[in-house]
Amino acid sequence: DLGANSGETILKFFNLNDRKIENFNIPEYTDMIKNQKWIVYIFEANNVFNKNLSFVKKSLENKNHQVNLFSETVAWTYNGKIDFYFDIVNQQYNFHGSSLFSDHLDIIRSNHTKKEINCYDLASIIKKYNNEDFIVIKMNIEGSEYELIADFIGKNVFNLID
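Residues numbered from 1 in each chain as written. Predicted model: local features only at pLDDT ≥ 70, side-chain atom pairs only at ≥ 80, totals over all residues. Heavy atoms only, no water.

Peer 1: Please give an account of the sheet that holds strand β5 (residues 114–121) that cites residues and values.
Peer 2: Reading across the sheet, the 3 strands line up as β3-β5-β4 and stay open at both edges, with mixed pairing between neighbours. Of all strands in the sheet, those with a lone pairing partner are β3 (73–76) and β4 (80–85), marking the two edges. Shown here is a sheet whose adjacent strand axes are inclined to one another by a mean of 45°, direction ignored. Sheet analysis places β4 next to β5, joined by 6 bridges and oriented antiparallel. Across the sheet, the residue bridging to I82 is I117, located in β5. (Pairing = 2+ DSSP bridges. Helix = DSSP H or I, 4+ residues; strand = E, 2+ residues; numbered from the N terminus. Axes fitted to C-alpha atoms, helices over the stretch in contact; angles between N-to-C directions.)

Okay, structure coming up:
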């Protein structure tokens, strides 16, 4: 889960909360989601969600899933540091405008509040797997999806994603 925010989407995916979402009610995958042990990677740059994501991690581990939580880290095209801009004006929307882009409207409204944080080469994780593995990626990273997908194609891992 890239841009995990509070982790609600992960909990919905695994049916660990009581709010139903129609998009995840896919019959051919429902049994696989429920009956398999998953290796989960959670990326979230905004530290306001650390407590929520720790709860999500523990909830999944209680169901015997392996969870790798990357707090205050963005999934990216290389390992290192990167400037991350924080939406500090949209609390009611879980600061949904936080971004790598300084020209995002919510970043402008937030006076370009930024911090240098960790970034991690996501393609290096995907390369650990093969065509037999079932890889699901959920991305909500405020426009950075395009650069990340181009990186997957360039590093020849895009075809591993189901």
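Peer 1: Describe helix α6 (residues 145–154), and please don't skip the residues or the numbers.
Peer 2: Among all positions of α6, only E145, L148, D151 and F152 are buried. Down the axis, α6 shows its buried residues gathered within 125° of arc, on one side only. Seen from the open side of α6, the exposed residues pointing more than 90 degrees away from its buried face are Y146, I153 and G154. In this fold, the buried residues of α6 make contact with β3, β5 and α5 (122–126). Positive backbone phi, at 60°, marks N156, one or two positions downstream of α6. (Buried < 20%, exposed > 50% of the residue type's maximum accessible area, 1.4 Å probe, protein only. Arc of directions from axis to C-beta. Contact = heavy atoms within 4.5 Å.)

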